[in-house]
Amino acid sequence: MTRPRLLLNAFTMNTATHVSYGTWRREDTRQTEFHTLDPWLELVGILERGTFDSVFFADVVGLYDDFDGGWDTHVTEGLQIPNHDPSALVSALAAATEHLGIVITSSVLQDHPFSFARKISTLDHLSGGRIGWNVVTSALRNSARNFGLPDRLAHDSRYEWAEEYTEVVYKLWEGSWDDGALIQDRDRGIHADPARIHKINHRSARYSVEGPHLSAPSPQRTPVLFQAGTSAAGRAFAARHAEGVFISQGSPEAAGEVIRQTRDLAAAAGRARDDIKFFQGLTVVVGSSEYEARRKAADLDESFSETGLLAHRSGSIGIDFGGLPTDTPIGELAGQVDGTRSAIEGLIRAAGGRTDVTIADFVRHKQEATRIVGTPEQIADELERWQDAGVDGINLQYLVTPGSFADFADHVVPVLRTRGLAQHEYTPGTLRHKLTGADDTLPDSHPARAWHGAFSAPAAVPR
């Protein structure tokens, strides 16, 4: 059968330890150079060579919750501290590339919607329409306290906040400027038409934003919208808003179930089922033979830090694994979680609904379930299995950087191209057009488009 191509996204973070625990100590990685520009320029060059669609920067705005009674482990492991602002990299990376999409994470906590909307419009202009936004609600307690809250909000309340935040930025991006408002007519001396630029006058207990948007509409108006939560509330939010969803399921079958549920919710919200693209998080270890690949994987495992993984996962879930026996069943913890519920829910789904999987199982699951080890052909075979489950693309996680990405670009992508699963060259246009083949702007079925033209004065009735 003829398969659609796989969308390719590179997953990284402006820090030393993202989701590859302990490997920063290796000499074949540039993880400790994250604070300099050169490794990022090298990375995006590799990604464009491999015709990747985008690079996605994760981010946090606070420490993870305590592990073993405190946050010392986060510091000794380099666990996303120090951690730099990914949005500050975008202009440099956009200038060094021509086609690569650049997706940044920004929480509803960290930036007022007016200033955030202006920043994104500016970056979308400067990149020629290649910006995406991963919408997050910040589950970490320290993040909330860094921005003036006494503690994080309850899980579902954070998504209620995200609903209003997106409404405000949609009003600015889609509604504040009508099409054609920016005239730039030198002869008549009219730069823009005030009749086609509008204040949004958003008022609520949380935000008061008069407007207008200070940026003229960018090539995409609204950036490509991504979301990563797969809890019930997260899936509902993604179904209404996301164009891309990052998932990290433990099997193709588990991924397929999450995808079907989210597409069902999207259809119920009035969107097309294929309006959302799903990217499965995977790591790959490539070898010219299976023996070589497994030898490389074993060498990488020598650097693996179980402590780093446990500190990360327990800190994001909100339960201190450092004080629990590793044979504790995960099912006993599910009712205690108000952090990232989807992590535990995903493990239970991957275990066929069993709640007796343990913390030790969780470690093995995170280390092994989403890793593919083999020759380029074997890796391509496995990627087809994920595609058969409904996955549209992969969110490639590094073990070492940029080596993991270079191995994939130089050895796996050629095999994918031979099978019609990877593009040989880029399609011109914006990130949205490249991902969907459709227009540069959002389709009318997306809730943001309800604000397009919503503030315009009614046209005069002809006499």
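Residues numbered from 1 in each chain as written. Predicted model: local features only at pLDDT ≥ 70, side-chain atom pairs only at ≥ 80, totals over all residues. Heavy atoms only, no water.

### Focus: helix H14 (residues 403–418)
Taking 1.5 Å of rise per residue, the 16 residues of H14 would be expected to cover 22 Å, and the 23 Å separating its terminal C-alpha atoms lies within 8% of that figure. Val412 marks the point of greatest bend in H14, at about 40°, and the proline Pro414 comes within the next four residues. By the burial criterion, the buried members of H14 are Ser404, Phe405, Ala406, Phe408, Ala409, Val412, Val413, Val415 and Leu416. In this fold, the buried residues of H14 make contact with strand S1 (7–13), helix H1 (38–49), strand S11 (277–286), helix H13 (376–388) and strand S13 (393–397). Positioned one or two residues after H14, Gly420 has a phi angle of 80°, which is positive. (Helix = DSSP H or I, 4+ residues; strand = E, 2+ residues; numbered from the N terminus. Expected span 1.5 Å × (residues − 1). Bend = angle between axes of the 7 residues up to and from the residue. Buried < 20%, exposed > 50% of the residue type's maximum accessible area, 1.4 Å probe, protein only. Contact = heavy atoms within 4.5 Å.)

### Some details on the pairing of S13
Regular strands place side chains that alternate from one sheet face to the opposite one. In terms of burial, S13 is largely enclosed, as five of its five residues are buried. Burial of S13 is two-sided: the residues Gly393, Asn395 and Gln397 facing one way and the residues Ile394 and Leu396 facing the other way are all buried. Bridging between S1 and S13 involves five bridges; their strand directions are parallel. Opposite Asn9, over in S13, you have Asn395 as the bridge partner. (Pairing = 2+ DSSP bridges.)

### Regarding the pattern of salt bridges
Summed over the entire model, instances satisfying the criterion amount to 34 salt bridges. Measuring nitrogen to oxygen at the nearest pair gives 2.9 Å for the salt bridge that ties Arg371 to Asp301. With Arg371 in strand S12 (residues 371–374) and Asp301 in helix H9 (residues 290–301), this pair connects stretches of sequence that are 70 residues apart. Residue class for Arg371 comes out buried when judged on its relative accessible area of 19%. Bridged by salt links that share partners, the residues Arg3, Asp381, Glu384, Asp388 and Arg419 form one connected network. (Salt bridge = Lys/Arg side-chain N within 4 Å of Asp/Glu carboxyl O.)

### Some thoughts on the packing of aromatic side chains
Within this structure, the stated rule accounts for 16 aromatic pairs. Geometrically, the ring pair formed by Phe56 and Phe246 is stacked, given 4.1 Å between the ring centres and 5° between the ring planes. Within this pair, whereas Phe56 is found in strand S2 (residues 54–58), its partner Phe246 is found in strand S10 (residues 244–247), the two being separated by 190 residues in sequence. Judged on exposure class, the residue Phe56 and its partner Phe246 are both buried. Consider the rings of Trp133 and Tyr165, whose centres lie 6.0 Å apart with planes at 50°: the pair is tilted. Of this pair, Trp133 sits in strand S4 (residues 131–136) while Tyr165 sits in helix H6 (residues 155–175), and the two are 32 residues apart along the sequence. Residues Trp133 and Tyr165 agree in their burial class; the two are buried. Members of the aromatic cluster, connected to one another through ring pairs, are Phe11, Phe56, Phe226, Phe246 and Phe279. Looking at Lys171, its charged tip hangs above the ring of Trp451, at a distance of 4.7 Å from the centre. (Phe/Tyr/Trp six-rings, centres within 6.5 Å; stacked < 30°, edge-to-face > 60°. Lys NZ or Arg CZ within 6 Å of the ring centre and 35° of its normal.)

Shape descriptors only; they carry no functional weight alone.
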